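# Commentary on secondary and tertiary structure
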Amino acid sequence: MSKQHALIAFIATIFSSISLANDFYPFTIPWDHVDPFPFDLSVPAQSRGQVQVDGEQFVYEDGQRARFWGVGIGSSSYFPPKNKKDAKALVNKLSKYGFNFVRFTGLEIKKFNVYQHWYKTGVINAELMDGLDYFIFELKQAGIAYSLTLNESSNKGNLIEGLNKNLHKSKWKKYKFVQLFDPRMRDIVKAWHIDFLSHANKYTGLSYAEDPDHIYMTVVGEDSIFKGYYEKDSEELSKANIRTLEKMFNAYLLKKYQTDEALKASWGGVLSSGLSLSESLSSGTVEFSLADQIDGISKNKAKDIAQFLYEIDLNYVKEIKSAIRSAGFKGPLAMTNGWYGWGNMRINAEEGDFIDMHGYFEHPIRSNYRGEYTELITNKSHLSKPDAKKSIERRRAFGRNFYKFYGSAIEGKPLFLSEWNHGGWSEYTYEGPVILTAYAALQGFPGMVIHTLTSHGKDFKKEFGERSLAASNNPVFMSLSPSLSQAYRLGYISESKTTNIGTVAVDENDFWKQVLQQKIKVPATLPDMDFGTNFVAKARIRFIGEKQKNGVITTAKGRYLSDTKEIDWQYSPSKEARLEVKAEKFKALIGPAKTKEVDLEGIKVQLDEHAAITVIALDDRPIADSESIFITSVSSYKNSSQQRDLLSRHGAYRDVIRITDVGQAPVMLKRVSGRVSLQVDNGNDIKIDAIMLDGALKPLTYTLSSDKTGSNILEFDLGKEDSPWIWVQLTRSF
């Protein structure tokens, strides 16, 4: 290489480094960031009584609707905080960023030690509970409600001598499924709930059963015997598990049929793949066929197996539910919070006061890199055209969440989204928060909870996340949270007044046929519902009834437009896909790079890169009339020195990002450039500031011009300061 060429290459490298540095800027949000804004976005600090269910809504005792913008927090060596000042500071931060709800998980783990001490002594230890008690006291002081998850980890089974494990690879799930049919574990779980809920918080003076700010409970976390049976064709059930289930199955059949003759009349004989010559009810030798055999047995035997599994789930949740109520808890109860097929979902609807569900836009794939935990990120946009008939990669990328959600939105029941996230190291991490907020508001769901606050088991004070689901270390989500919380909780995005019904089955026999056909697969479609129903109007499920003629929603090609006219999802062509929210007091745009100017009705936006921008009125007025407007623009982020490589294929996925080094602080936020314009009355009293991370205001330059109608147009640029936040103050003439 000549000296001239070497010099050119060196200069190019320097300019490349400068460009990269300008693309990202340091934006590490402190764990105790209690005064981020010059205005107050926190929830009013008041308790409004026990929440109850009214139709498909949560309501307070005074009848006013309750909506919750929440975050999940797992117990660990670091949480609950041991220092009361730390507890107060963390609660204050949550309040300032718009959270009015916390879902506590991991309360049975060894590091918290309350369950282990209770199991050995029969006593809920007040000293071990002190940190949680005080943190909840501070939550109540700040007007933040909560939920306690007491039956999430099946590891409680480790303490029960002789309890048979399953074959699940995860050590955390060795007693999943087993806990549902083992009477010893069931009795222990009942006693655990009663004793924990009876514990009196010394700071509030209330037990956890009687505290009205303890909003709801879920009977069992992410568990169903249907999952154990159908997952990998029953491969996660051990031989001991299967022997127990076979014994229970024979007892179930004996009670139902009483004689071999009656059973054979239903199932048929050997030629019908029913009852064989060696099988008998009286001797308890009827085979319990596993999932990989289900297609080769008689239809009625398959139906009996499905109904037997149904009875296991049903009996379990009934008993735990009864224990929770006997402890005095009066809030709404859900049965479980995962998708495990129509059989389990029907139990959730019939026994639960509401439906609790989890769903992730980009849940990282756990992997191993050089002997250490790492994450694989599929890094796909969720805005492109849906097609359930194509690859699993396309289905997952576009809307697997929504297939699950509309299959869980049961007619007449509230649907609470208690776990969601969009993996932070995806370049599209800005999409999920805006899409889901708009969707949940349109559907009228009472709550959505991002999971989880910190990296699993890590210090909540850490300046950077070691996992992509650490919400507090994700500056994209945290920057959006204040405006999205306001829009969602205050109902700025309208709820649809139209409900379209998808029917699972025409009668009971058809229902069990659907249970057997669907297994635990997330429903890709229903005969009288299409994907677009989710974003055009309310979409609800009815288990049995006549098929609905009005269930299919048609919209303009390549577009879903809500019946409220506020949500406009233009999903095709895929390179130009975008979602617009055009409510009176809240606007949003998520979409591709180099967008043309988009009119959000009252404000116009042009973006230079794929990103999200939200606009909200702080004075409860329409944007067109507001004198105080808060704007947030974000794209992606990464930790400093984070290393990643690209895998051409991983299973069903292509072009997967592998994190090889999570990096360190400071966290770097991608700069979003573009332009905003809005109509103003005059050029007087206009103030536009970037809100910096330390709370300082930095004035931004702007221009005033007249359009063809003679109206005054205010314009300013995005991305001029190292902050995603802009505050516009102006005077209107009324």
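Note that the structure is a prediction, hence the values are computed from the model and not measured. (Residues numbered from 1 in each chain as written. Predicted model: local features only at pLDDT ≥ 70, side-chain atom pairs only at ≥ 80, totals over all residues. Heavy atoms only, no water.)

## Focus: the pairing of strand β35 (residues 712-718)
Regular strands show a simple pattern: their side chains alternate between the two faces of the sheet. Inspection of the sheet shows strand β31 (residues 674-680) paired to β35 by seven bridges, in the antiparallel sense. What sits directly across from Ser-677, in β35, is Glu-715. The sheet contact formed by strand β34 (residues 703-706) and β35 spans four bridges and is antiparallel. Within β35, the residue paired with Ser-706 across the bridge is Asn-712. Remark: five residues form the turn of the hairpin made by β34 and β35, two consecutive strands paired antiparallel; Gly-710 in that turn has positive phi of roughly 90°. (Pairing = 2+ DSSP bridges. Helix = DSSP H or I, 4+ residues; strand = E, 2+ residues; numbered from the N terminus.)

## Structural notes on the sheet that holds strand β2 (residues 52-54)
Taken in spatial order, the three strands make up an open sheet running β2-β3-β4, and their pairing is antiparallel. Looking at strand neighbours, the two that pair on one side only are β2 and β4 (65-66), the edges of this open sheet. Bridge analysis of β2 against strand β3 (residues 57-59) gives three bridges, and the strand direction is antiparallel. If you follow Val-53 over to β3, its bridge partner there is Phe-58.

## A short note on the sheet that holds strand β36 (residues 725-729)
With antiparallel pairing, nine strands are arranged side by side in an open sheet as β19-β20-β21-β22-β25-β26-β36-β32-β33. Looking at the sheet topology across the chains shown, the edges are occupied by β19 (559-561) and β33 (697-699). With direction set aside, neighbouring strand axes in the sheet form an average angle of 15°. In this structure, strand β20 (residues 567-570) lies alongside strand β21 (residues 578-582), joined through four bridges in antiparallel fashion. Of the residues in β21, the one forming a bridge with Asp-568 is Glu-580. Strands β22 (586-591), β25 (611-617), β26 (628-634) and β36 of the sheet are contacted by helix α14 (residues 475-489), whose axis makes an angle of about 145° with β26. (Axes fitted to C-alpha atoms, helices over the stretch in contact; angles between N-to-C directions. Contact = heavy atoms within 4.5 Å.)

## Some thoughts on the environment of Asn-83
Within the secondary structure, Asn-83 is located in the loop between β5 (68-74) and α2 (84-96). Separated by 48 residues in sequence, Asn-83 and Gly-131 place their C-alpha atoms 8.0 Å apart.

## Describing the nonpolar core
In this structure, Phe-104, Phe-196 and Phe-402 are the most contacted members of the largest nonpolar core, which totals 176 residues. Considering each element in turn, this core owes the most residues, 12 residues, to helix α10 (residues 299-326). Beyond its immediate chain neighbours, meaning those up to four positions away, Phe-196 contacts Leu-107, Val-114, Ile-124, Met-129, Leu-132, Leu-148, Leu-150 and Tyr-208. Formed by 28 residues, the second largest nonpolar core is a distinct cluster that contains Ile-603, Leu-678, Leu-700 and Leu-718. (Core = buried A, V, L, I, M, F, W, Y, C linked by side-chain atoms within 4.5 Å. Buried < 20%, exposed > 50% of the residue type's maximum accessible area, 1.4 Å probe, protein only.)

## So, the packing of aromatic side chains
Within the structure shown, the criterion is met by 61 aromatic pairs. Between Phe-511 and Phe-543, the ring centres sit 6.0 Å apart and the planes meet at 90°, which makes this aromatic pair edge-to-face. Within this pair, whereas Phe-511 is found in helix α15 (residues 508-518), its partner Phe-543 is found in strand β18 (residues 538-544), the two being separated by 32 residues in sequence. Under the relative-accessibility criterion, Phe-511 is labelled buried at 0%. Following the ring pairs from residue to residue traces out a cluster consisting of Trp-31, Phe-79, Phe-104, Tyr-115, Trp-118, Tyr-119, Phe-135, Tyr-146, Trp-192, Phe-196, Tyr-208 and Phe-460. Taking the ring centre of Tyr-488 as reference, the NZ or CZ of Arg-67 above it sits at 4.8 Å. Over the ring of Tyr-97 we find Lys-93, and its NZ or CZ is 6.0 Å from the ring centre. (Phe/Tyr/Trp six-rings, centres within 6.5 Å; stacked < 30°, edge-to-face > 60°. Lys NZ or Arg CZ within 6 Å of the ring centre and 35° of its normal.)

## Brief notes about the pairing of β31
Most of β31 sits out of view: five of its seven residues are buried. Examined bridge by bridge, strand β24 (residues 604-607) and β31 share four bridges and lie antiparallel to one another. Paired with Gln-606 across the bridge in β31 is Arg-675.

## A word on helix α11 (residues 341-351)
Among the 11 residues in α11, 10 count as buried, and that is most of the element. All buried positions along α11 are accounted for by Gly-341, Trp-342, Gly-343, Asn-344, Met-345, Arg-346, Ile-347, Asn-348, Ala-349 and Glu-351.

## Overview of the confidence of the model for the protein
Averaged over every residue, the pLDDT of the protein is 91; the share at 70 or more is 93%. Every residue in residues 1-21 is under pLDDT 50, and counting partners more than four places away or in other chains gives two contacts. Between residues 387-394, whose pLDDT stays under 50, and residues either more than four places distant or in other chains, the model counts 12 contacts. (pLDDT = per-residue confidence, 0-100.)

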